[in-house]
Amino acid sequence: MNKLSASHIYAWKLGLKTGQYYLRSRPARDAIQFTLDVDNLDVKEDGNYLTKNLSKKEMDDQKRLKKKRAGEEIIKNISTDLNKKRKLDE
């Protein structure tokens, strides 16, 4: 038997925890979960990304504002098209 196995068995007989105990045990806390919003990444000149640290609420607010602006843009385009059509009909 090699020295490493012998030392593991000796430690186990003394009642010490093995490496597998620590590998299999769950951590006291889970890792912090986060997401990156691709729309909030700025590309710097060197090709790296510069992130804006926003909270989830701030990201949701930005998405809501972006949707609202897109809707307003569509309405504006429709009204412009209708005005052009009215002028052509006259």
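None of the values given here were measured: they were computed from a predicted structure.

Basis of the calculations
Residues numbered from 1 in each chain as written. Predicted model: local features only at pLDDT ≥ 70, side-chain atom pairs only at ≥ 80, totals over all residues. Heavy atoms only, no water. Helix = DSSP H or I, 4+ residues; strand = E, 2+ residues; numbered from the N terminus. Buried < 20%, exposed > 50% of the residue type's maximum accessible area, 1.4 Å probe, protein only. Areas by Shrake-Rupley, 256 points an atom, 1.4 Å probe, with all protein chains shown as cover. Patch = residues over 30% accessible without salt bridge, like charges linked within 9 Å, V, L, I, M, F, W, Y side chains within 5 Å. Salt bridge = Lys/Arg side-chain N within 4 Å of Asp/Glu carboxyl O. pLDDT = per-residue confidence, 0-100.

What follows concerns the overall build of the chain. A count of helices and strands for the chain gives three helices and two strands. Along its sequence from the N terminus, the chain presents helices and strands in the succession α-α-β-β-α. With 90 residues in all, the chain has 3% of them scored as buried. Accessible surface, the chain: about 9300 Å² in total, of which carbon and sulfur atoms supply 56%.

Taken together, the side chains of Tyr10, Leu14 and Leu16 define a hydrophobic patch exposed on the protein surface, amounting to about 360 Å² of accessible area. Within the fold, Tyr10 resides in helix H1 (residues 3–13). By relative accessible area, which is 56% here, Tyr10 ends up exposed.

Right, let's talk about the confidence of the model for the chain for a bit. Mean pLDDT for the chain: 76, with 76% of residues reaching 70 or above. The lowest-confidence element of the chain is strand E2 (residues 49–51), averaging 63 in pLDDT; the highest-confidence one is H1, averaging 84.

Another point: the pattern of salt bridges. Applying the stated criterion across every chain, the model contains three salt bridges. Put simply, Asp61 and Lys57 hold a salt bridge, and the shortest N to O gap is 3.1 Å. Taken as a pair, Asp61 and Lys57 lie in helix H3 (residues 56–89) at a separation of four residues, close to a single helical turn. The partner of Asp61 in a salt bridge is Arg64, and the shortest N-O contact between them spans 2.8 Å. Of the two residues, Asp61 and Arg64 are both situated in helix H3; the distance of three residues between them amounts to about one turn of the helix. Judged by relative accessible area, which is 30%, Asp61 ranks as partly exposed. Overlapping salt bridges bring together Lys57, Asp61 and Arg64 as one network.

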